[in-house]
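Below are the chains, spelled out letter by letter.
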Amino acid sequence: MQDSPSQAHDSGESGKPTRRQFLSVTGGAVMSAASYRRVLGANDRVGIGVIGFGLIGKQHITNLKKFKDVELLGMCDAYKPRLDEGLAYMESPNAKGYSDFRRMFENKDIQGILIATPDHWHALQTILACAAGKDVYVEKPMTLFIDEGKWMVQAARQYNRIVVVGTQRRHGRGVRDARNVVQSGLLGKIHSIRWSSFRNVYPGFGVTPVSDPPAGFDYDMWLGPAEKKPYRAHRGLYHFRWFWDFSGGQMTNLGAHTIDQVFYVMNVKGPTLVSSSGGRFVLEDDGDTPDIQDAMWVFPGPTPGAPGFVMNAAIREANAGRSLADASTRGQIYLGTKGTMVLAGNWEVFPENKTDPVNDIPRFSGHPTGGPVYSTTKPTPWIEASKGQAQASDPRYGTGGEDTLAMNEQDWINSIRTRQKPFCEVEEGHRVNLTCHLANLSLKLGRAIRWDPEKEQVVGDKEAAAMCVKPYRAPWDKALRSAVKLT
């Protein structure tokens, strides 16, 4: 594919070395921060290219335009009207437009690529960007299936790239402080975590007929590695996220944000057992991802054989739970032996009562001889109630006093300069996403899945193991194999 006629891609005839050239000289060694600064432009601004001018892509550009140390140099989209609109929105005199992201990767002045495309493109574009010597910010959910995450981690390590994942909510002060609460042991033994995502979009978004793509929409490029099927409006802009071909539904869409926070707060690598049920029960549209889903994950303890905790999730797309008593505090609920912590932007601790266990046995008319003997012990709180100082936020969208999206973007830019590990790094994002995918696998198969979080593989289920990978459509399968070794 060629670039937009009015925006020819960079010829690449700049006088300074590219990072690929630098790596070839250094034998692929990781650059020092000082060496990397010499590769940047004369104004010491980091050149950024953006793929995808949709809802989140536009927000990223809005934020990056405010960064004094960033220069927006590229805009890529498979839909010509959006490409033109995004390029104009950048308000950057040196920005160029691309209809093929691979041409953007040839621009020697671009150091970082921000990927805000549909989910099914995230992994391959990240991998190819790493191979081209670019650092990457990739939106969540970062993968469509489990093995993609392994390939992304491999590419980041092989090509010495900084790869940040858009699970920015862990940057929030409330999340960081909640981690300290848990690690202090204040709540006692945490044995259960619950979270939910409720909204009501009934009857759904309707059904769109098979039709020709709109003018200027390169549907073949938009599909990329995904299976080619007839175009419908919902199998395109925005609504792609409700189709298994392109996404994992709300489990990977919103679940990735919440599970990432749980992983950070609890300092875990992954579950050992996953069970999920649900499906497309009530929405009257052409989507196929679940509108109802319940899932349970069992996590191991800190030492082999030690008990860990159970995480439960409930997703509802046709009931917002507006009459529920906890509707205003729905978020993550951490249940410990001495207290409960609710985390929804801010955190709050509610104490459990310490009492004689015998006194909690039902009394009825009294126990016969030889039965339990009640004591006079009065219940007293194990701990004191407490609350964090951060602003509370909407548990679904994470809105509040802190702009964690901008914080994550700035951390990416800082890591590009320093070559230090970012806060939302690709390997951690991979573990979060595979946890979401395991729930979806269980739902599709109708049975629990056992998982080895150390070896990162399904245990004792060949059918489930085979579903950890999905073939790419030609020619993108060849592009993938040219960049990473498939395992």
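Residues numbered from 1 in each chain as written. Predicted model: local features only at pLDDT ≥ 70, side-chain atom pairs only at ≥ 80, totals over all residues. Heavy atoms only, no water.

### Description of the pattern of salt bridges
We apply this condition: By definition here, a salt bridge exists when the distance from a side-chain nitrogen of Lys or Arg to a carboxyl oxygen of Asp or Glu is within 4 Å. Secondary structure is summarised from DSSP: a helix means a run of H or I of at least four residues, a strand means a run of E of at least two, and numbering begins at the N terminus for each. Each residue is assigned to one of three classes by its accessible area relative to the maximum for its type, calculated with a 1.4 Å probe on protein chains only: buried under 20%, partly exposed between the two thresholds, exposed over 50%.
Considering all chains together, one arrives at 29 salt bridges under this definition. With a shortest N-O distance of 3.8 Å, Lys-150 and Asp-147 are connected by a salt bridge. Taken as a pair, Lys-150 and Asp-147 lie in helix α7 (residues 146-158) at a separation of 3 residues, close to a single helical turn. For Asp-147, a relative accessible area of 9% puts it in the buried group. Taking the shortest distance from any N to any O, the salt bridge between Lys-229 and Asp-245 comes out at 2.9 Å. One end of the pair, Lys-229, is in the loop between α9 (219-223) and α10 (249-253); the other, Asp-245, is in the loop between α9 and α10, and 16 residues separate them in sequence. Residue class for Asp-245 comes out buried when judged on its relative accessible area of 9%. One salt-bridge network, in which partners are shared between bridges, spans Asp-100, Arg-102, Arg-103 and Glu-106.

### Side note on unusual backbone geometry
For residues other than glycine, phi is negative in most cases, and the peptide bonds are mostly trans. Cis geometry marks the peptide bond from Tyr-202 to Pro-203, where omega comes out at 10 degrees. Relative to the assigned elements, Pro-203 resides in the loop between β7 (190-198) and α9. A cis geometry characterises the amide bond from Ala-474 onward to Pro-475, with omega recorded as 5 degrees. Unusually for a residue other than glycine, Arg-419 sits at a positive phi of about 65 degrees. Within the chain, Glu-456 stands out as a residue other than glycine whose phi angle is a positive 55 degrees. When you line up the elements, Glu-456 lands in the loop between β17 (449-452) and β18 (457-458).

### Topic: the sheet that holds strand β13 (residues 346-351)
Inclusion rule: What makes two strands pair is DSSP finding at least two bridges between them. Only heavy atoms matter for contacts: two residues are in contact if any of them lie within 4.5 Å across the pair. To get an axis, fit a line to the C-alpha atoms, keeping to the stretch in contact for a helix; angles then go from 0 to 180 degrees between the N-to-C directions.
In spatial order, the strands read β16-β13-β12-β11-β7-β10-β9-β8-β17-β18; together these 10 strands make up an open sheet with mixed pairing. The open sheet has two free edges, formed respectively by β16 (386-387) and β18, since each of these has just one partner strand. Strand direction decides the pairing type here: β7 and strand β11 (residues 332-336), joined by 5 bridges, are antiparallel. Within the sheet, the bridge partner assigned to Arg-194 lies in β11 and is Ile-333. Helix α11 (residues 255-266) rests against β7, β9 (292-299), β10 (309-316), β11 and β12 (339-344) of the sheet, and its axis sits at about 35 degrees to β11.

### Re the sheet that holds strand β3 (residues 96-98)
In space, the 6 strands of this open sheet follow the order β3-β2-β1-β4-β5-β6, with parallel pairing throughout. In this open sheet, the two strands that pair with only one neighbour each are β3 and β6 (163-165). On average, each strand axis in the sheet is tilted by 20 degrees relative to the strand beside it, whichever way the strands run. With 4 bridges joining them, strand β1 (residues 46-51) and strand β4 (residues 112-115) adopt parallel strand pairing. Among the inter-strand pairings, Ile-51 is bridged to a residue of β4, identified as Ile-115. Along the sheet, helix α4 (residues 80-90) makes contact with β1, β2 (70-76) and β3, crossing β2 at roughly 170 degrees. Sitting on the sheet, helix α12 (residues 404-418) is in contact with β1, β2, β4, β5 (135-138) and β6, with an inclination near 165 degrees to β5.

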